[in-house]
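Summary of structural features
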Amino acid sequence: MLDGLMDRLAMVRRDFADVLDLGCFDGRLAAPPGARVARLDPGFAFARMAGGVQGAEDALPFADASFDLIVSAGVLDMVNDLPGALALARRVLRPDGLLLAAFAGAGSLSTLRAVLREAEGDRPAARLHPQVDVRAGGDLLQRAGFALPVADSETLTVRYRSLGRLLDDLRGMGASNAMPGRAPLTRATLARAAAGFAARADAQGRTEERFEIIFLTGWAPAPGQPQPAKRGSATTSLAAALKPKS
């Protein structure tokens, strides 16, 4: 996620003085040269490791217009109020400030979902929190008031030797089941899930899991920004543009 965000940031030709690392984990975000960086994470251990502050993404403890860049990797999909978190992010950005965010979206962990559903039979419990797809991501940016919103996705396929290794990765990235009132997995259910995971292995004994990474890009509104053309102002139809040339 950080690599994808930094690739997108490299295409922006401007300087950033004050940066918010929103969901800082261990503080690996490489800030632009000369920028001051504030780091926030909902996890106490992550915040302490990165030298940041602990706080919720949908209750930011910062004044309005404090930053000109916010970078967020791997946390916005698990907040209680994602529309509110995006609205707050826009509020703490200065005019023409940039938000770059990435998180696991809809379509992720399809293999894990399948083996858990099979292992639990007729009464499967909710094991994964609701996920946002790329279309909803763009709509949420618009709803939060961002200008020039862009949402896109990349698919990452990872091959695991066992279900346990996948679960270890999810725990390590703070992405295990975060829903309240969750029912614990029994040993029998976990054993059936592990067997189902192994049954899907390829000739090398590894099972593929999919992560659909959603990337969001949005700018805080400001005078002088490019504006979309008015609806109905086009002078050429799409059908004409796509028509093969003779």
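Heads up: these notes are all about the structure in this document. Everything numeric here is computed off the predicted structure, so don't read it as measured data.

A word on the layout of surface pockets. Computed from the structure, the largest pocket encloses a volume of approximately 670 Å³. Every element with two or more residues in the lining of the largest pocket is listed here: α1 (2-10), β4 (67-73), β6 (147-160) and β7 (207-219). A total of 4 residues in the lining of the largest pocket trace back to one element, the largest contributor, which is β6. Residues of the lining of the largest pocket, tallied by class, amount to 15 nonpolar, 4 polar and 6 charged.

Core analysis: the largest hydrophobic core is formed by 30 residues, its most contacted members being L69, L112, L166 and L170. Each residue touching L166, except ones within four places of it in the same chain, is listed here: L109, L112, Y160, F197, E209 and F211. Counting 27 residues, the second largest nonpolar core, distinct from the first, contains I70, V79, A101 and A144.

One can describe the packing of helix α4 (residues 110-120) onto helix α7 (residues 187-199) by two numbers: an axis separation of 8 Å at closest approach and a directional angle of 130 degrees. Between α4 and α7, the angle is such that the two are oblique. Handedness of the crossing formed by α4 with α7: right-handed. Side by side, α4 and α7 meet where T111, V115, L116, A119 and E120 of the first sit next to T189, R192, A193, G196 and F197 of the second. When grouped by side-chain class, the residues that make up the contact of α4 with α7 number 5 nonpolar, 3 polar and 2 charged.

Aromatic ring pairs are defined here through the distance separating the ring centres and the angle between the ring planes. Counting across every chain of the model gives 2 aromatic pairs. Pairing F25 with F46 gives two aromatic rings, centres 5.0 Å apart and planes at 70 degrees, and the pair type is edge-to-face. Linking F25 in the loop between β1 (18-22) and β2 (36-41) with F46 in helix α2 (residues 44-50), this pair joins segments that are 21 residues apart in sequence. Here F25 falls in the buried class, since its relative accessible area comes to 19%. Measuring from ring centre to ring centre gives 5.1 Å for F62 and F67, while their planes differ by 85 degrees; the resulting arrangement is edge-to-face. For the pair formed by F62 and F67, the shared burial category is buried.

Turning to the environment of P33, a few remarks are in order. Here P33 shows up in the loop between β1 and β2. On the basis of relative accessible area, P33 is assigned to the exposed category, the value being 84%. In this structure, the C-alpha to C-alpha distance between P33 and V132, residues 99 residues apart in sequence, is 33 Å.

Basis of the calculations
Residues numbered from 1 in each chain as written. Predicted model: local features only at pLDDT ≥ 70, side-chain atom pairs only at ≥ 80, totals over all residues. Heavy atoms only, no water. 1 Å grid on protein atoms, 1.4 Å probe; cavity = no way out; pocket = protein on both sides within 12 Å on 5 of 7 lines; lining within 4 Å. Points joined across faces, edges and corners; volume = space filled by probe spheres on them. Helix = DSSP H or I, 4+ residues; strand = E, 2+ residues; numbered from the N terminus. Nonpolar A, V, L, I, M, F, W, Y, C, P; charged D, E, K, R; others polar. Core = buried A, V, L, I, M, F, W, Y, C linked by side-chain atoms within 4.5 Å. Buried < 20%, exposed > 50% of the residue type's maximum accessible area, 1.4 Å probe, protein only. Contact = heavy atoms within 4.5 Å. Axes fitted to C-alpha atoms, helices over the stretch in contact; angles between N-to-C directions. Parallel < 35°, antiparallel > 145°, perpendicular 65-115°, else oblique. Left-handed = near helix turned anticlockwise from the far one by under 90°. Phe/Tyr/Trp six-rings, centres within 6.5 Å; stacked < 30°, edge-to-face > 60°.

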